[in-house]
Amino acid sequence: FFICAHLRPSAVPFFVVGSLIFMRTLAEVEIGGIGVVLGYGDNEEMAGRLACFGLVPGVEVAVKKKAPLGDPILVFFEGQEMSLRKAEAQCVEVKG
């Protein structure tokens, strides 16, 4: 196992022989990248707000655009586009 020290404990990356599973935040996904929502870390307020929009664990989300400084971020999921602040996207843990 490989653990990256600069990530929060709730978003621990790990490698498996033959396949790669890497958990990171939605803010770290590159333009055109796709990930599956795993959770929101320990931010219950953000979890409730984003769940109301349908951004729940198990949903596949794609990053469509980012502003030059990375804030806001335009994402696409479940047939809808949504703009997130960088701080909000940093709360969303994804794999892929």
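Residues numbered from 1 in each chain as written. Predicted model: local features only at pLDDT ≥ 70, side-chain atom pairs only at ≥ 80, totals over all residues. Heavy atoms only, no water.

Chemist: It is not clear to me how the overall build of the chain should be interpreted in this structure. Could you clarify?
Modeler: When its secondary structure is counted, the chain shows two helices and eight strands. Seen in sequence order, the chain has helices and strands lined up from the N terminus as β-β-β-β-α-β-β-β-α-β. With 96 residues in all, the chain has 36% of them scored as buried. In the chain, once contacts between residues fewer than 6 apart in sequence are set aside, the share between residues at least 24 apart is 53%. About 5900 Å² of surface is accessible on the chain, with carbon and sulfur atoms providing 60% of the total. (Helix = DSSP H or I, 4+ residues; strand = E, 2+ residues; numbered from the N terminus. Buried < 20%, exposed > 50% of the residue type's maximum accessible area, 1.4 Å probe, protein only. Contact = heavy atoms within 4.5 Å. Areas by Shrake-Rupley, 256 points an atom, 1.4 Å probe, with all protein chains shown as cover.)

Chemist: Looking at this structure, how should I read the confidence of the model for the chain?
Modeler: One rule of thumb: low pLDDT means the predicted coordinates there are not for detailed reading. Averaged over every residue, the pLDDT of the chain is 79; residues scoring 70 or more account for 77%. Throughout residues 1-18 the model reports pLDDT below 50, and contacts reaching past four residues in sequence, or to other chains, amount to 26 contacts. (pLDDT = per-residue confidence, 0-100.)

Chemist: What should I look at first to understand helix α1 (residues 44-52) in this one?
Modeler: An α-helical turn contains 3.6 residues, so a residue and the one three or four places further along point in the same direction. Every buried residue of α1 is listed here: M46, A47 and L50. Viewed along the axis of α1, the buried residues span an arc of 105 degrees, placing them on a single side of the element. Along α1, the residues that are exposed and aim more than 90 degrees away from the buried face are E44, E45 and C52. One or two positions beyond α1, positive phi appears at G54, with a value near 95 degrees. (Arc of directions from axis to C-beta.)

Chemist: How should the environment of Q90 be read in this particular structure?
Modeler: Tracing the sequence through the fold places Q90 in the loop between α2 (86-89) and β8 (93-95). Along the sequence, Q90 and R24 sit 66 residues apart, while their C-alpha atoms lie 8.7 Å from each other.

Chemist: What should I look at first to understand the side chain of R24 in this one?
Modeler: Its place among the elements puts R24 in strand β3 (residues 23-25). Salt bridges are absent for the buried R24, whose nearest opposite-charge side chain, E30, sits at 5.0 Å. Once residues lying within four places of it in the same chain are set aside, the contact partners of R24 are V29, V92, E93, V94 and G96. (Lys, Arg positive; Asp, Glu negative; His and termini not counted. Salt bridge = Lys/Arg side-chain N within 4 Å of Asp/Glu carboxyl O.)

Chemist: I would appreciate a short explanation of the packing of aromatic side chains in the present structure.
Modeler: Given two aromatic rings, one states the distance between the centres and the angle between the planes to describe the pair. If you walk through the whole model with that rule in mind, you get zero aromatic pairs. Geometry around F76 places K64 over its ring, the cationic atom sitting 5.5 Å from the centre. (Phe/Tyr/Trp six-rings, centres within 6.5 Å; stacked < 30°, edge-to-face > 60°. Lys NZ or Arg CZ within 6 Å of the ring centre and 35° of its normal.)

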